[in-house]
Amino acid sequence: MEKTVHILSFAGSLRKSSFNRALLREALELVPEDARLEVFDLEGIPPFNQDLENQPSEKVKEFKAKIRGADAILIATPEYNYSIPGVLKNAIDWASRPYGDNALEGKPVALMGASVGMLGTARAQYHLRQTFVFLNMYPLNRPEVMVPFANDKINNDGKVTDPKTKEKIRELLESLIVWARRWGKN
Ligand SMILES: Cc1cc2nc3c(=O)[nH]c(=O)nc-3n(C[C@H](O)[C@H](O)[C@H](O)COP(=O)(O)O)c2cc1C
């Protein structure tokens, strides 16, 4: 039997009613049986300071250990000012340092995102893909999961109500599992 694929996920929003956190909650419901999905909360990761990169906080140590223990990463990103939210970039910067100790190195990664705008985080996602080059991560190309007008697809209880969005999340998870097995030889 094939080994269960362990996916570590995090959202680039700290907002309680975040649409992107809602996407990850939905992913928890939809994850196939041959995978385990864990959601990590970026709340509490301090602003990056290179003077402290050799003495990271407990929260950063925990984040890096969880990344290292995972077979694949799933990121749900909002779009802030046509780009990646600082909270997400900051967490990635911590995970990548100090030089030579990049926890994200060689990790298969998939991304999705929800915004209230009409492009559904497309611009943020392409900026994030650019950082994957230097991080030497292995991004899944397809499906692209961009959720525009998120307020019409996620209700006030933070539940994804749009069937098409659910279908894309499931497709993304299934593709990421195949992708992780290819890289990780699970
Ligand atoms: C600082 C800031 C910048 C934003 N810039 C964009 C943007 O460039 N494109 C967009 O579609 N929405 C933008 N928005 C609106 C977000 O899509 C919206 O706040 C969304 O709910 C954020 O994701 P979350 O629900 O996961 O927190 C911005 C919101 C904030 C707070």
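Residues numbered from 1 in each chain as written. Predicted model: local features only at pLDDT ≥ 70, side-chain atom pairs only at ≥ 80, totals over all residues. Heavy atoms only, no water.

### Looking at the side chain of Asn 20
By the element assignment, Asn 20 lies in helix α1 (residues 19-30). With a relative accessible area of 3%, Asn 20 lands in the buried category. Among the polar contacts listed, one links the side chain of Asn 20 to the backbone nitrogen of Ala 114, at a separation of 2.9 Å. When residues no more than four places from it in sequence are discounted, the contact partners of Asn 20 are Ala 11, Ala 76, Thr 77, Pro 78, Met 112, Gly 113 and Ala 114. (Helix = DSSP H or I, 4+ residues; strand = E, 2+ residues; numbered from the N terminus. Buried < 20%, exposed > 50% of the residue type's maximum accessible area, 1.4 Å probe, protein only. Polar contact = N/O pair within 3.5 Å; in protein donor to acceptor, adjacent residues only side chain to side chain. Contact = heavy atoms within 4.5 Å.)

### With respect to the site of the ligand
With respect to spatial proximity, 13 residues lie near the ligand, and among them Ser 13, Arg 15, Ser 18, Asn 20 and Tyr 82 are the closest. Ser 13 has a polar side-chain atom sitting 2.7 Å from an oxygen atom of the ligand. Expressed as a share of its isolated accessible area of 610 Å², the protein-covered part of the ligand is 74%. When the residues that make up the shell around the ligand are grouped by side-chain class, the tally is five nonpolar, six polar and two charged. (Near = heavy atom within 4 Å. Areas by Shrake-Rupley, 256 points an atom, 1.4 Å probe, with all protein chains shown as cover. Nonpolar A, V, L, I, M, F, W, Y, C, P; charged D, E, K, R; others polar.)

### Looking at the packing of helix α2 (residues 58-69) against helix α3 (residues 86-95)
Contact pair α2 / α3: the axes reach a minimum separation of 9 Å and the direction vectors enclose 75°. Judged by the inter-axis angle, α2 sits roughly perpendicular to α3. Across from Val 60, Phe 63, Lys 64 and Ile 67 in α2, the residues of α3 making contact are Ala 91, Trp 94 and Ala 95. In the contact of α2 with α3, the residues fall into six nonpolar, no polar and one charged. (Axes fitted to C-alpha atoms, helices over the stretch in contact; angles between N-to-C directions. Parallel < 35°, antiparallel > 145°, perpendicular 65-115°, else oblique.)

### Brief notes about the pattern of salt bridges
Per the counting criterion, the structure on display carries 15 salt bridges. With its nearest N and O atoms 2.7 Å apart, the salt bridge here joins Glu 53 to Arg 97. Remark: Arg 97 occurs in the loop between α3 and β4 (108-114) and Glu 53 occurs in the loop between β2 (35-40) and α2; sequence separation between them is 44 residues. Look at Arg 97 and you get partly exposed, because its relative accessible area is 24%. Notably, a salt bridge pairs Lys 64 with Asp 101, separated by 3.0 Å at the nearest N-O pair. Residue Lys 64 is found in helix α2, and its partner Asp 101 is found in the loop between α3 and β4; the two are separated by 37 residues along the sequence. (Salt bridge = Lys/Arg side-chain N within 4 Å of Asp/Glu carboxyl O.)

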